[in-house]
Amino acid sequence: MFRGRFGFGGAVKNIVAWLGLLLMVASFVWWQVLSIPRPATSMRRTAAPAPFTLVVLDPGHGGQDSGAMCGAIYEKDLTFDIAQRVDRLLQTQGLATLMTRVGDSYVSLADRAAVTNRARDCIFVSIHFNEGKKVVGGVETYYAEHQAAPAPRLVSWIPFFQGPAAESPTLASQSLARFIQEAMVARTKAPDRGTKAEQFFVIANVGVPAVLVEAGFLSNKDDITKLESNDYREQMAAAISEGILRYRDVLKERQLPLAVTGAGTE
Ligand SMILES: [Zn+2]
């Protein structure tokens, strides 16, 4: 009996002590929250994606993986050539860049995605060339309709935190695809095959705005002839970099995705 009463009294003291502690913690947290200076941003502003600081350039294929071929012309060499040109152009505009492969080396698709997911505040631009029927030529840009949205790093090891909490960057990818596609068509006058949704591995498995550019058909005579010219490849690279910069400028103006026009879509 006595034990029980003492036990009850002890429990009450414990509860009071815990409540006191809780109150202290709560008031400390409240004070912390109140003391954080907040910039005067509207809801619309905070909802827009933040401008990026790094462009991950992904020259398709490499090493033993040649990609599409036309005689002695390999897709892997063309993608690397264009990526290097884009790389140089973006750097002269003050943008940081990262190439997923150096020289003619083989890098798996998973590694390309992993490098991108480890980088912060970046966008991903993969460069490829097409293959198809001989009569088909032109340029097209892909985005993924569903993209991996990695959970915040701190909780990523807890399985149930990997739900759809993080916002998917799909809309941003679609916008980036349109800007690059529009710039390529405007500059090179290549046939416009539009922007398209496709679950290509590298663009579907990164958690940042990501596109895959198909900058011509190696199965088409006209495209091949043009791509053999240094000047045409420089124009193509200039267009890709122009699209990226235009996308960044619009992000800075916080107009995405409203400012995107339908031109260039099928
Ligand atoms: Zn390819």
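Details of the structure are given in the entry above.
Residues numbered from 1 in each chain as written. Predicted model: local features only at pLDDT ≥ 70, side-chain atom pairs only at ≥ 80, totals over all residues. Heavy atoms only, no water.

Overview of the coordination of the zinc ion
Part 1 of the argument: Within the first shell, the zinc ion binds the protein through His 61 (NE2), Glu 75 (OE) and His 128 (ND1), at distances of 2.0 to 2.1 Å.
Part 2 of the argument: Sequence positions of the donors to the zinc ion reduce to the motif H-x13-E-x52-H. In this pair, His 61 sits in the loop between strand E1 (54-59) and strand E2 (69-70) while His 128 sits in strand E5 (residues 122-130), placing the two residues 67 residues apart along the sequence.
Part 3 of the argument: On the basis of relative accessible area, His 61 is assigned to the buried category, the value being 17%. (Donors = N, O, S within 2.8 Å, 3.2 Å for Na, K, Ca; no water. Helix = DSSP H or I, 4+ residues; strand = E, 2+ residues; numbered from the N terminus. Buried < 20%, exposed > 50% of the residue type's maximum accessible area, 1.4 Å probe, protein only.)

Some words on the layout of surface pockets
Part 1 of the argument: By volume, the second largest pocket is sized at about 210 Å³.
Part 2 of the argument: In terms of lining, the second largest pocket is formed by 16 residues, of which the most central are His 61, Leu 109, His 128, Val 202 and Leu 212.
Part 3 of the argument: For the lining of the second largest pocket, the elements supplying multiple residues, two or more each, are helix H4 (109-118), E5, helix H6 (201-204) and strand E8 (210-217).
Part 4 of the argument: Across the lining of the second largest pocket, the residue classes tally to 7 nonpolar, 5 polar and 4 charged. (1 Å grid on protein atoms, 1.4 Å probe; cavity = no way out; pocket = protein on both sides within 12 Å on 5 of 7 lines; lining within 4 Å. Points joined across faces, edges and corners; volume = space filled by probe spheres on them. Nonpolar A, V, L, I, M, F, W, Y, C, P; charged D, E, K, R; others polar.)

Notes on the nonpolar core
Part 1 of the argument: One finds Val 55, Val 86, Val 125, Ile 180, Ile 240 and Ile 244 to be the most contacted residues of the largest nonpolar core, which totals 43 residues.
Part 2 of the argument: Mapped onto this core, the elements with two or more residues apiece are E1, helix H3 (75-92), E5, strand E6 (139-143), helix H5 (170-188), E8, helix H7 (221-227) and helix H8 (230-252).
Part 3 of the argument: Broken down by element, this core gets its largest block of residues, 10 residues, from H8.
Part 4 of the argument: Those residues in contact with Ile 240 that lie beyond four places of it in its chain are Ile 82, Val 86, Val 125, Ile 180, Met 184 and Val 213.
Part 5 of the argument: Residues Tyr 142, Ile 203, Val 206 and Ala 210 belong to the second largest nonpolar core, which totals 15 residues. (Core = buried A, V, L, I, M, F, W, Y, C linked by side-chain atoms within 4.5 Å. Contact = heavy atoms within 4.5 Å.)

Some points on the pattern of salt bridges
A side chain with one charge can pair with a side chain of the opposite charge if their charged atoms come near.
Part 1 of the argument: Applying the stated rule across the entire model yields 10 salt bridges.
Part 2 of the argument: A salt bridge links Glu 140 to Arg 193, with the nearest nitrogen and oxygen atoms 2.6 Å apart. In this pair, Glu 140 sits in strand E6 while Arg 193 sits in strand E7 (residues 192-197), placing the two residues 53 residues apart along the sequence.
Part 3 of the argument: Residue classification places Arg 193 among the partly exposed positions, given a relative accessible area of 23%.
Part 4 of the argument: One connected set of salt bridges, linked through shared partners, spans Asp 81, Arg 85, Arg 88, Arg 233 and Glu 234. (Salt bridge = Lys/Arg side-chain N within 4 Å of Asp/Glu carboxyl O.)

Considering empty space enclosed by the protein
Part 1 of the argument: Applying the stated criterion across every chain yields a total of 1 cavity of 30 Å³ or more.
Part 2 of the argument: Space inside the largest cavity adds up to approximately 30 Å³.
Part 3 of the argument: Looking at the largest cavity, the residues that line it are Gly 138, Val 139, Ala 190, Ala 215, Gly 216, Asp 223, Leu 227 and Tyr 232.
Part 4 of the argument: Those elements giving two or more residues to the lining of the largest cavity turn out to be E8 and H7.
Part 5 of the argument: Residue composition of the lining of the largest cavity, by class: 5 nonpolar, 2 polar and 1 charged.

Description of the pairing of E8
Part 1 of the argument: Of all 8 residues in E8, 8 are buried, a share of seventy percent or more.
Part 2 of the argument: Here E5 pairs with E8 via 6 bridges, running parallel. Bridge assignment links Ser 126 to a residue of E8, and that residue is Leu 212.
Part 3 of the argument: In the sheet, E6 pairs with E8 via 3 bridges, with the strands oriented antiparallel. Looking at the pairing, Thr 141 lines up with Val 213 of E8. (Pairing = 2+ DSSP bridges.)

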